[in-house]
Structures are given as structure tokens and as C-alpha cells.
Amino acid sequence: MTPWYEHVTIPQDSNYQILFRDGLVASSTPDGKYAITSPNMSYVPVPCWGQVSVSMKADGRFGMEDLLLWPQIYDANVWETLTQDDMQIASSNIPGMFIMTPARLATLRKHLADLHHDLEERDKTNPPNSHLRWLYMHTAASLECLSIVSSSCNLKRQFANLEQYYCMVVACMTHKRLFSNLDLTAPPQIVCPDLMGCFTTSPLVAAHMYTAGVPVWYMQLADSLVTETKLDATKRDTMWKMTKRWWQA
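Residues numbered from 1 in each chain as written. Predicted model: local features only at pLDDT ≥ 70, side-chain atom pairs only at ≥ 80, totals over all residues. Heavy atoms only, no water.

> Hey, could you go over the overall build of the chain for me, with residue numbers and the actual values?
Counting its secondary structure elements, the chain contains five helices and six strands. Tracing the chain from N to C terminus, the helices and strands come up as β-β-β-β-α-α-α-β-α-β-α. Evaluated residue by residue, the chain yields a buried proportion of 39% over its 249 residues. Within the structure as shown, the chain displays about 14300 Å² of accessible surface, and the carbon and sulfur contribution to it stands at 57%. (Helix = DSSP H or I, 4+ residues; strand = E, 2+ residues; numbered from the N terminus. Buried < 20%, exposed > 50% of the residue type's maximum accessible area, 1.4 Å probe, protein only. Areas by Shrake-Rupley, 256 points an atom, 1.4 Å probe, with all protein chains shown as cover.)

The following block contains the structure:
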């Protein structure tokens, strides 16, 4: 059977403006059912594939499959996993009970203050958003809970809860900024490498992401690709071999 990538067209015009369904790079899912292309990225990350079991880990998070841990813009230094150095004994009279250290709390409070400032600036030029305010309220409440005496296990879980709400606020604000007045007829924005992006099987979502400058990987049934789909021949062979190794890893 002819490989799926032999069905697509290699553009001959160097000035050709690629569309959302075209690919600077291509790969496929492990079972070969879907072809994955991206109109604005030069690699294909390995997605979580198939049925996945999600459970809470020791750090209070739910592992790499927890979508709430993947905001659009993420500061890994702020959300380093809590260690015993980030906790101090609450009282010598209460063994095994801790609170977060003042230094770590001060860092988190600064980031929350910056987030509040961004919300206030947004409200100056946009109608107030009740959902954003609700998320921020829970973010602030989660931070205050870190000052409450608790076990080290509960402190880690509360820290993960704060992280999730903070990430949701950031992701929601980024979404509103990018898509509130998006014009699909306009040329696509230059892709922003700070954004997480997404996999999608929806042509409409792929078009929106591409136009907004968000990294996007478009998944299509391999046997439904049309010859109008363009693929960059200079990237295909190299990236095809690389992504096959990624799948095996």
C-alpha cells in the first residue's frame, strides 16, 4: 500500500503561502491511522495516545496527562515541586505539622500580585469577565491555605491546587487576548514559541490556531488526505525518520 505521505502534493512555488491543512513537517500516529501535519512548527511532539489512567501522584499533581498543568505560558521555576526545604515546622508542640517557608510564600505572592495587575489592566479595555474573576478568587484562596498548618502531604496537594488555578487564569487570559477579535481572512500571525499549542482533528480549530500564531498539529485520517494538502519535501524525509524514533521511545 502506498504510504500516506505519497498522496500529498509538494509545492513547486517557493512563494506559496501554506494553509492550515499543509505541513512544514509530518508524522503519523503509532497505528498509522492518523497523519499529523503542522503549518507553523518544525517538529511533531509525541501526544498522549490511547486510553490513559490518571491518578494523583505524591506531589499532588496528576502526571503529564493532567491538562490543567499545561498553561499557554509557564514559569517552571515558580512551580518547582515542593521539598522539605520549602517547609518549616509549625510548632515544636505539634510534631509532623508544617507551613510553607516565608521565602517561598513571598515568591508566590509576588506572582499573584503580578497576575492581579494583569487582570486589572485587561479590565480597563475589555468588559469584566466573571469566569476570570472566579478563577482568580480561587487562586488567591489557594495561596492563603499554604499559611495554614498542615501535614507535608496536604501542603504539597494544596500547592498543586494553587498551581492549577494559577495556570487556568493565565491560559484563559491568553485565550481571550488571542481569539476575541480574530479575523480568519487575515494572513496568519508569526507563530509564538512561548505558546503551548495543541493537537486537533477539527479543521476550524486548526485554522483558528494557525491564524492566531499558536502552534498547531492537525490530525487527519491518513486515508482521507487530499492532494491539495501541501508538504515541505525538504523536511519530510528527515522528520519522518526522527518522529518514528520518538514513537518507539
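> Kindly report on the packing of aromatic side chains, identifying the contributing residues and their values.
Per the stated rule, a full pass over the model turns up four aromatic pairs. With a centroid separation of 5.8 Å and 55° between ring planes, the pair formed by Tyr43 and Trp217 is classed as tilted. One end of the pair, Tyr43, is in the loop between β2 (34-38) and β3 (87-89); the other, Trp217, is in strand β6 (residues 216-221), with 174 residues separating them in the sequence. Take Tyr43: its relative accessible area is 35%, and that puts it in the partly exposed class. Here the aromatic cluster, defined as three or more aromatic residues joined through ring pairs, consists of Tyr43, Phe199 and Trp217. (Phe/Tyr/Trp six-rings, centres within 6.5 Å; stacked < 30°, edge-to-face > 60°.)

> Describe the sheet that holds β6, naming the residues involved and giving the relevant values.
Strands sit in the order β1-β2-β6-β5 across an open sheet of four strands; the sheet is mixed. In this open sheet, the two strands that pair with only one neighbour each are β1 (25-28) and β5 (198-200). Averaged over neighbouring strand pairs, the angle between their axes works out to 25° when direction is ignored. Note that β1 and β2 share four bridges and pair antiparallel. (Pairing = 2+ DSSP bridges. Axes fitted to C-alpha atoms, helices over the stretch in contact; angles between N-to-C directions.)

> Break down the environment of Ser180 for me, citing the residues and quoting the values.
Among the structural elements, Ser180 can be located in the loop between α3 (152-179) and β5. From its side chain, Ser180 meets the backbone oxygen of Lys176 in a polar contact 2.4 Å long. (Polar contact = N/O pair within 3.5 Å; in protein donor to acceptor, adjacent residues only side chain to side chain.)

> If you had to explain the pairing of β6 to someone new, which residues and values would you point to?
The buried fraction of β6 amounts to five of the six residues, a majority that puts the element mostly inside the structure. Looking at chain direction, β2 and β6 are connected through four bridges and run antiparallel. From the neighbouring strand, Tyr34 faces β6, where its bridge partner is Leu221. As defined by bridge partners, β5 adjoins β6 across three bridges and the pair is classed as parallel. By the bridge assignment for β6, Cys198 is matched with Val216. In the classification by handedness, the crossover that spans β5, the intervening helix α4 (residues 203-212) and the parallel β6 is right-handed. (Right-handed = clockwise from strand over helix to strand, strands pointing away.)

> Now, about the nonpolar core: what can you tell me, with residues and values included?
Formed by 25 residues in total, the largest nonpolar core has its most connected members in Trp79, Met100, Leu108, Leu115, Leu143, Leu146 and Phe159. When contributions to this core are tallied by element, the ones reaching two or more residues are β4 (98-100), α1 (102-125), α2 (130-145) and α3. With nine residues, the single largest contributor to this core is α3. (Core = buried A, V, L, I, M, F, W, Y, C linked by side-chain atoms within 4.5 Å.)

> Before we move on, can you summarise α2 with the specific residues and values?
Between its first and last C-alpha, α2 extends 23 Å over 16 residues, near the 22 Å set by a 1.5 Å rise per residue. The set of residues buried in α2 consists of Leu132, Leu135, Tyr136, Thr139, Ser142 and Leu143. Each buried residue of α2 sits inside an arc of 120° when the element is viewed along its axis, so together they form one side. Looking at the buried residues of α2, the elements they touch are α1 and α3. Sitting at the head of α2, Asn129 places a side-chain oxygen 3.0 Å from the backbone nitrogen of His131. (Expected span 1.5 Å × (residues − 1). Arc of directions from axis to C-beta. Contact = heavy atoms within 4.5 Å.)

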